There are 2 protein chains.
Amino acid sequence: MAEENIIYVGKKPVMNYVLAIVTRFNNNNDHITIKARGKAISKAVDIAEITKHKFIKEVKYSKINLSTEVVQGERGESNVSSIEIILSR
Amino acid sequence: MAEENIIYVGKKPVMNYVLAIVTRFNNNNDHITIKARGKAISKAVDIAEITKHKFIKEVKYSKINLSTEVVQGERGESNVSSIEIILSR
């Protein structure tokens, strides 16, 4: 149930994620979390800002968390930064 | 005076910015702001996380702000997302 309200940012275009968020807010969700790692962090911020300024003006950032995750790659472990932006209205 | 404590993230390597921040903390600054726009936002998060986890463990994120700035380009105005990470200890 909580899991439903997390949007993981990957390689799709920015507007796909924005529309997914707007749809969830319209389905009576009050909190939606955007999560991204590495280079997708910039895209996550774009998604949050576009949602807030162009679609749902009353959205606020209730919490922004930064952290480091350990990822298993072909050459062993590496660290990657991540962001979690919690939108609420 | 306040201006001195802002680090603008651009095209230099991540460690250049990390070392600039560590140096300023060692010069008795208690608050340092990292600012970045567009694709440099991911790098700003890397810089903050590396500073916190590898160099100055007592650093906390006292505030993280996201915003949208209007930039004048060759083809007129465009919007770009920006981040402001305030580190304090």
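Residues numbered from 1 in each chain as written. Chains lettered and ligands numbered in written order. Predicted model: local features only at pLDDT ≥ 70, side-chain atom pairs only at ≥ 80, totals over all residues. Heavy atoms only, no water.

Colleague: Sorry, what's going on with the interface of chain A and chain B here?
Modeller: For an interface, size is often stated in terms of accessible area lost upon the parts coming together. In this complex, chain A contributes 19 residues to the contact, which on the side of chain B involves 20 residues. Summed over both sides, the interface of chain A with chain B buries roughly 1400 Å², with 60% coming from carbon and sulfur. Scanning the region where chain A abuts chain B turns up 9 residue pairs in polar contact (both at pLDDT 80 or more). Listed by contribution, the elements that provide at least two residues to the side of chain A that touches chain B are helix 2 (40-55), strand 3 (60-73) and strand 4 (76-88) of chain A. Take the side of chain A that touches chain B: its biggest share by element is 7 residues, from helix 2 of chain A. When the residues that make up the side of chain A that touches chain B are grouped by side-chain class, the tally is 7 nonpolar, 8 polar and 4 charged. (Contact = heavy atoms within 4.5 Å. Buried area = accessible area lost by both parts, 1.4 Å probe. Polar contact = N/O pair within 3.5 Å; in protein donor to acceptor, adjacent residues only side chain to side chain. Helix = DSSP H or I, 4+ residues; strand = E, 2+ residues; numbered from the N terminus. Nonpolar A, V, L, I, M, F, W, Y, C, P; charged D, E, K, R; others polar.)

Colleague: I'm lost on the packing of helix 2 of chain A against helix 2 (residues 40-55) of chain B in this one. Help?
Modeller: Helix 2 of chain B packs onto helix 2 of chain A with a crossing angle of 115° between their chain directions and a minimal axis gap of 6 Å. The angle between helix 2 of chain A and helix 2 of chain B falls in the class roughly perpendicular. Remark: the crossing between helix 2 of chain A and helix 2 of chain B carries right-handed chirality. Mapping the contact onto sequence places A:Ile41, A:Ser42 and A:Val45 in helix 2 of chain A and B:Ile41, B:Ser42 and B:Val45 in helix 2 of chain B. The residue makeup of the contact of helix 2 of chain A with helix 2 of chain B, split by class, is 4 nonpolar, 2 polar and no charged. (Axes fitted to C-alpha atoms, helices over the stretch in contact; angles between N-to-C directions. Parallel < 35°, antiparallel > 145°, perpendicular 65-115°, else oblique. Left-handed = near helix turned anticlockwise from the far one by under 90°.)

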